[in-house]
Amino acid sequence: MTEDRYDIAVVGAGIHGAGVAQAAAGYRTLVIEKSAPGAGTSSRSSKLIHGGLRYLESGQLRLVRESLREREILLRIAPGLVRRVPFLIPVYQDSARPPWKIRLGLSVYAVLGGGQRGTRFRSLGRNAWNTLGGLRTDGLRAVFEYWDAQTDDAALTRAVLSSARDYGTEVIYPALFEDAVCEGDAYRIRYRAQGQVRTCVTTVLINAGGPWVNEIQERAQAPSLAIDLVQGTHIHLDRPVTDRVFYVESPRDRRPVFVMPWRGATLVGTTETVFRSDPESVLPLPQEIEYLEETLRHYFPRYPGKRMEAMAGLRVLPKQAASPQSRSRETVLLCDDPARPHLVAIYGGKLTAYRATAAKVLRILGPSLPPVAKRVRTDNIDLSASAID
Ligand SMILES: Cc1cc2nc3c(=O)[nH]c(=O)nc-3n(C[C@H](O)[C@H](O)[C@H](O)COP(=O)(O)OP(=O)(O)OC[C@H]3O[C@@H](n4cnc5c(N)ncnc54)[C@H](O)[C@@H]3O)c2cc1C
């Protein structure tokens, strides 16, 4: 019996696995996913397509510039999935940052975003403060408005994967990656699907396992990076606040929290709790839910909504002594052989930058793969045209 042979096999159908498969159009590509597309972190994010205003404070200018560029591309190629929304930052007497600092940050953000429409910001006059969904106004010094974007993360992931399929990618789920053995210039992999163990051979193996990244490295007998998994929880409430995103600070520890419109109601998040267990078992903690509800009630004391559900996802961050909040959000690509890689593992990263990350992966793979007649330009593929199953 002949064995299936691929140029690229991707483990994980989150946004990164889907993105790499789409960028790999022209190659014989397989994606295996143990659960369902987008079932991991890529359905539990804050659903923001943004540069990350707060990353400016930790000097991550390159990441912010790249993400802002990606935001504009996604607004263009996925208009049904990514929409521009106004963000409001209320600044109070006791806020961690004074108005001048927010103004400075927003000015830099606008410049990095290219300065065109959609990057501008303004300060709302006092007469507008009473129209902000019941926002607490005592001690309020200023309210800034700027623009970023929002998406449905799971739907975006499915759309990118569907586009990859349109270009010939084979997607199998549920299919659990069991292990892989390096055989010189290829990997022989084993995965379990429909109760059977199947094998195939691939020139390149992509580990897009999100929080399971090191477990997959181990199963492929490959070295891994020291990481922390940091849990982030959101609560979903049954009534809207307004149609804008509020960027507020927790009154408890001044961490940033978003109060966002979501499916006609409200999403509030997120938290940062170091997680030391099996990623499969991640669940919102009672103290995280209390922290988010306390923040919501602090800023919107008359908000009448009730919590419907809570969900938690896991960030992959480099292991460091610094607090999770100030650690780098850059994606790290770990290769078995930097000159001619046959295994690339994707650590961390952002939903927003998935396309840029996928392009970097394909560039790194250049020496390991045969040339393709014509590379697709993923910044020109209309994602709203891809059927979302
Ligand atoms: C709380 C939180 C909020 C965030 N908010 C934002 C935001 O607003 N904007 C933004 O840009 N980014 C945000 N991020 C970051 C972003 O969500 C992640 O970087 C991104 O979703 C990670 O995608 P991924 O494909 O790497 O991982 P995942 O989506 O977790 O995908 C990994 C997949 O691998 C599969 N898998 C694992 N092991 C195996 C195996 N053995 N066999 C087969 N399949 C396997 C899993 O089932 C899973 O589907 C946030 C992250 C968190 C945690």
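All figures in this text were calculated on a predicted structure; none of them were measured in a lab. (Residues numbered from 1 in each chain as written. Predicted model: local features only at pLDDT ≥ 70, side-chain atom pairs only at ≥ 80, totals over all residues.)

This paragraph deals with the overall build of the protein chain. Of the regular secondary structure elements, the protein chain holds seven helices and 18 strands. Expected size for 389 residues packed as a compact globule is a radius of gyration near 21 Å; at 22 Å, the protein chain falls within 12% of this value. With the principal axes as the frame, the protein chain shows a C-alpha extent of 75 × 45 × 40 Å. For the protein chain, the proportion of its 389 residues judged to be buried stands at 46%. Counting contacts in the protein chain only where the partners sit at least 6 residues apart, residues at least 24 apart contribute 73% of the total. (Helix = DSSP H or I, 4+ residues; strand = E, 2+ residues; numbered from the N terminus. Rg over C-alpha atoms; globule rule 2.2 N^0.38 Å. Buried ≥ 20, exposed ≤ 12 C-beta atoms within 10 Å, placed from the backbone. Contact = placed C-beta atoms within 7 Å.)

For the rest of this paragraph, the subject is the packing of helix H1 (residues 15–23) against helix H7 (residues 354–365). Direction vectors running N to C along H1 and H7 enclose 55°, while the axes themselves pass 8 Å from each other. It follows that H1 is oblique to H7 by the angle criterion. Regarding H1 and H7, the two cross each other, and that crossing is right-handed. Within the contact between the two elements, H1 uses Ile15, His16, Gly19, Val20, Gln22 and Ala23 and H7 uses Tyr354, Arg355, Thr357, Ala358, Ala359, Val361 and Leu362. Looking at the contact of H1 with H7, its residues break down into eight nonpolar, four polar and one charged. (Axes fitted to C-alpha atoms, helices over the stretch in contact; angles between N-to-C directions. Parallel < 35°, antiparallel > 145°, perpendicular 65-115°, else oblique. Left-handed = near helix turned anticlockwise from the far one by under 90°. Nonpolar A, V, L, I, M, F, W, Y, C, P; charged D, E, K, R; others polar.)

The subject of this paragraph is the domain arrangement of the protein chain. Along its sequence, the protein chain is carved into domain 1 (4–41 + 154–226 + 329–373) and domain 2 (227–318). When each unit is reduced to the centre of its C-alpha atoms, the spacing between domain 1 and domain 2 is 30 Å. Contacts between the two partners involve eleven residues from domain 1, matched on the other side by eight residues from domain 2. Residues that form the side of domain 1 that touches domain 2 fall into these classes: seven nonpolar, four polar and no charged. (Domains from an automatic or database assignment.)

Among the 38 residues in the neighbourhood of the ligand, the closest are listed as Gly12, Gly14, Gly40, Gly210 and Gly232. Only H1, strand S8 (175–182) and strand S16 (307–318) provide two or more residues apiece to the shell around the ligand. Here the shell around the ligand is composed, by residue class, of 15 nonpolar, 17 polar and six charged. (Near = placed C-beta within 6 Å.)

A word on unusual backbone geometry. Going from Tyr173 to Pro174, the amide bond is cis rather than trans, its omega being -5°. You can see Pro174 is positioned in the loop between strand S7 (170–172) and S8. The omega torsion of the bond from Gly269 to Thr270 falls at 15°, within 30 degrees of zero and hence cis. Relative to the helices and strands, Thr270 is located in the loop between strand S14 (265–269) and strand S15 (273–275). Even without glycine at this site, Gln221 takes up a positive phi of about 55°. Mapping Gln221 onto the fold places it in the loop between helix H5 (213–219) and strand S11 (227–237). Its identity as a non-glycine residue notwithstanding, Arg263 has a phi of 50°, on the positive side. Along the chain, Arg263 turns up in the loop between strand S13 (256–262) and S14.

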